[in-house]
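# Structural characterization, general
The primary structure of each chain is shown beneath.
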Amino acid sequence: MGLTAGIVGLPNVGKSTLFNAITAQHAFMANYPFATIEPNVGIVEVEDERLDNICKIFNPRNVVHTTFSFTDIAGLVKGAASGEGLGNKFLSHIRDVDAICHVVRCFDDSNITHVSGKVDPVDDIDVVNCELILADEEVVDNRIPKIEKKALLKTDKEATYEYNILLKLKEGFKNLIPARLIDLSVEEKKFIKNYQFLTMKPMLYVCNVDESSIGNGNKYSDMVKEYAAKDGSKVVIISAKIEEELSELDKEEKLMFLEDLGIKESGIDKLVKESYAMLGLRTFFTAGEKECRAWTYKDGMKAPECAGIIHTDFEKGFIKAETYSYDDLMKYKEVLKVREAGRVRFEGKDYVVNDGDIMEFRFNV
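Residues numbered from 1 in each chain as written. Predicted model: local features only at pLDDT ≥ 70, side-chain atom pairs only at ≥ 80, totals over all residues. Heavy atoms only, no water.

So, about the layout of surface pockets. Counted as a void, the largest pocket has a volume near 1,200 Å³. As for the largest pocket, its lining consists of 38 residues, of which Val-46, Glu-47, Asp-48, Ser-266 and Asp-269 are closest to the centre. Contributing elements (two or more residues each) for the lining of the largest pocket: helix 1 (15–23), strand 2 (40–45), helix 2 (49–58), helix 7 (240–246), helix 8 (251–261), helix 9 (267–279) and strand 8 (281–287). Taken together, the residues of the lining of the second largest pocket break down into nine nonpolar, four polar and seven charged. (1 Å grid on protein atoms, 1.4 Å probe; cavity = no way out; pocket = protein on both sides within 12 Å on 5 of 7 lines; lining within 4 Å. Points joined across faces, edges and corners; volume = space filled by probe spheres on them. Helix = DSSP H or I, 4+ residues; strand = E, 2+ residues; numbered from the N terminus. Nonpolar A, V, L, I, M, F, W, Y, C, P; charged D, E, K, R; others polar.)

This is the structure:
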C-alpha cells in the first residue's frame, strides 16, 4: 500500500528537478515549456530510521522499505482545458494517485523562463487549480447526459442519487470550487469515489525556493501559505535544486550537507512526512532474521485488515497477531527481553493497529 502522488505545476517551476531528486532517475529537463510530454513515473524507498534500528537488532538477510510512487506530468498552462499548450489530456495519468503535489515557483531567476513572464505564486496556483477543475467538470459533463433521462423520470433511484450529486459538483465547478470543498456528505463522497476527481484529492503545495530561503521561506512562500490556509491544504518549503544535489550524496555526506545548510531534514523527508500525515497513513513492521519490512496502512485499520495488506489469506484466516511496540524493542534491545517484561501482546480481530507496532500474524486457511 505504497503512497502514490502526482506532481503538477506550470512549466519550468522545478517539477522535473524535484522528480529527479526524489527518484534519482534523471528525468529529461529543459528551460522551455513542455519538456516533459510523456509522464515520468518513479518509485522511491521511504527512509525510516525505525526500520534501520530494527535491522540492527535482527540483522536480517533482506530489508524492504515501504515505497512512494511519483508521477511527473507535463506542465499545465492557462487554457489547457480548451487545448492550449498540450491540452489537459495527460491529466488522466494522475487520476488514480492518492494525492497531488503542486509545485509552485517561489524564487527569482532571470535565467529561467517563467511561462507568464513574472513570478506570482498565487496567480500560478489559480491557473493550475482552474485547469484541474475544468478537467473534472469535463468528466461530469460527459456523465450527466447518460443518466439524466432515468434520473428525471425517477425510474432508477441510484441514477437519481448520482445525478443530484453531479449537479452539485457542476455548480461548484462553475464557480471554480474544487470538489474537496463542495458540500457533500460522507456517503455522497463515497458514492462518487470511482470518478477519481482530481480536485477531490488532498493537495500539498510545494514551494520551490532558492538556497537562502530553505530555512524560513520568503515573501513568495508566505503568499502560498496564506492561500493554502484558505484552501485547507498543507505547504512544504524545499529547494528542488539542492534536493537534486543531495540525492547524489551518500548518507553521511548528506547529513554533513544539511548541517552546513543549518537544517535538520531534507525537503524530500518533509514532503513524505506531510504526505503521510495528510492521507492519514501509518507504518507497522514485520521483523525476523529472514526479513525486516515496513508496511504502510491507513490510521484506524484493525489487525485483520493490516494482515490483508501482506496477503489476502492472512486476513481471511486471521487468528491473532503477536504484537509489541518499536519503543519497547528499543528499550529492551532483544525480543526475548520484551517478552520477559510482559510487553508482548496477542491481539485479536478488534485490535486497532498503532503506528510503530511490530507484528507477526497467526492465520489458518
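The rest of the description comes next.
We now examine the pattern of salt bridges. Here the structure, examined in full by the defined rule, presents 16 salt bridges. In this structure, Asp-231 and Arg-180 form a salt bridge, with 3.1 Å as the shortest nitrogen-oxygen distance. Separated by 51 residues along the polypeptide, Asp-231 in helix 6 (residues 219–231) and Arg-180 in the loop between helix 4 (157–174) and helix 5 (186–191) bring together distant segments of the chain. You'll find Asp-231 and Arg-180 in the same group, each marked buried. For the salt bridge of Asp-328 with Arg-343, the shortest nitrogen-to-oxygen distance reads 2.9 Å. In this pair, Asp-328 sits in helix 12 (residues 326–332) while Arg-343 sits in the loop between helix 13 (335–340) and strand 11 (345–347), placing the two residues 15 residues apart along the sequence. A residue is classified by how much of its surface remains accessible, and Asp-328, at 9% relative accessible area, is buried. (Salt bridge = Lys/Arg side-chain N within 4 Å of Asp/Glu carboxyl O. Buried < 20%, exposed > 50% of the residue type's maximum accessible area, 1.4 Å probe, protein only.)

Turning to helix 3 (residues 121–153), a few remarks are in order. Taking 1.5 Å as the rise per residue, helix 3 with 33 residues should run 48 Å; its terminal C-alpha atoms sit 47 Å apart, in good agreement. Roughly 50 degrees is the biggest bend found in helix 3, and it falls at Ile-147. Of the residues one or two after helix 3, Lys-154 is the one with positive phi, at around 55 degrees. (Expected span 1.5 Å × (residues − 1). Bend = angle between axes of the 7 residues up to and from the residue.)

A word on the sheet that holds strand 2. The strands that make up a sheet are held in pairs by hydrogen bonds between backbone atoms, and each pair lies either parallel or antiparallel. What the six strands build is an open sheet, ordered 2-4-1-5-6-7; its pairing is mixed. Of all strands in the sheet, those bounded by a partner on one side alone are strand 2 and strand 7 (234–238). Across the sheet, the mean angle separating the axes of adjacent strands is 25 degrees when strand polarity is ignored. The pairing of strand 5 (residues 99–105) with strand 6 (residues 203–208) spans six bridges and is classified as parallel. Residue pairing for strand 6: His-102 is matched across the bridge by Tyr-205. Contacts from helix 3 reach strand 1 (3–8), strand 5 and strand 6 within the one sheet, and its direction differs from that of strand 5 by about 145 degrees. Sitting on the sheet, helix 6 is in contact with strand 5, strand 6 and strand 7, with an inclination near 175 degrees to strand 6. (Pairing = 2+ DSSP bridges. Axes fitted to C-alpha atoms, helices over the stretch in contact; angles between N-to-C directions. Contact = heavy atoms within 4.5 Å.)

What follows is about the nonpolar core. Within the largest apolar cluster, 55 residues are counted, with the highest numbers of intra-cluster contacts made by Leu-18, Ile-22, Phe-68, Phe-70 and Ile-94. When neighbours within four sequence positions are excluded, Phe-70 is seen to be in contact with Ala-5, Ile-7, Phe-19, Ile-22, Asn-40, Val-41, Gly-42, Val-44, Cys-101 and Leu-271. The next biggest cluster of nonpolar side chains, apart from the first, holds 17 residues, and it includes Ile-147, Ala-159, Ala-179 and Ile-182. (Core = buried A, V, L, I, M, F, W, Y, C linked by side-chain atoms within 4.5 Å.)

With that out of the way, let us pick up the pairing of strand 9 (residues 291–298). Sheet topology note: the strand 3 (residues 62–64)/strand 9 ladder contains three bridges and is parallel. Opposite Val-64, over in strand 9, you have Arg-293 as the bridge partner. Between strand 8 and strand 9, which pair antiparallel in sequence order, lie three residues.

It is worth spelling out the environment of Met-301 at this point. You can see Met-301 is positioned in the loop between strand 9 and helix 10 (303–310). Since its relative accessible area comes to 13%, Met-301 is described here as buried. For Met-301 and Val-352, which are 51 residues apart along the polypeptide, the C-alpha to C-alpha distance reads 5.8 Å. If we ignore the near neighbours within four places in the chain, the residues touching Met-301 are Cys-306, Ile-309, Tyr-351, Val-352 and Val-353.

This next bit is on the environment of Gly-217. Within the fold, Gly-217 resides in the loop between strand 6 and helix 6. For the pair Gly-217 and Phe-107, spaced 110 residues apart in the sequence, the C-alpha separation amounts to 10.0 Å.

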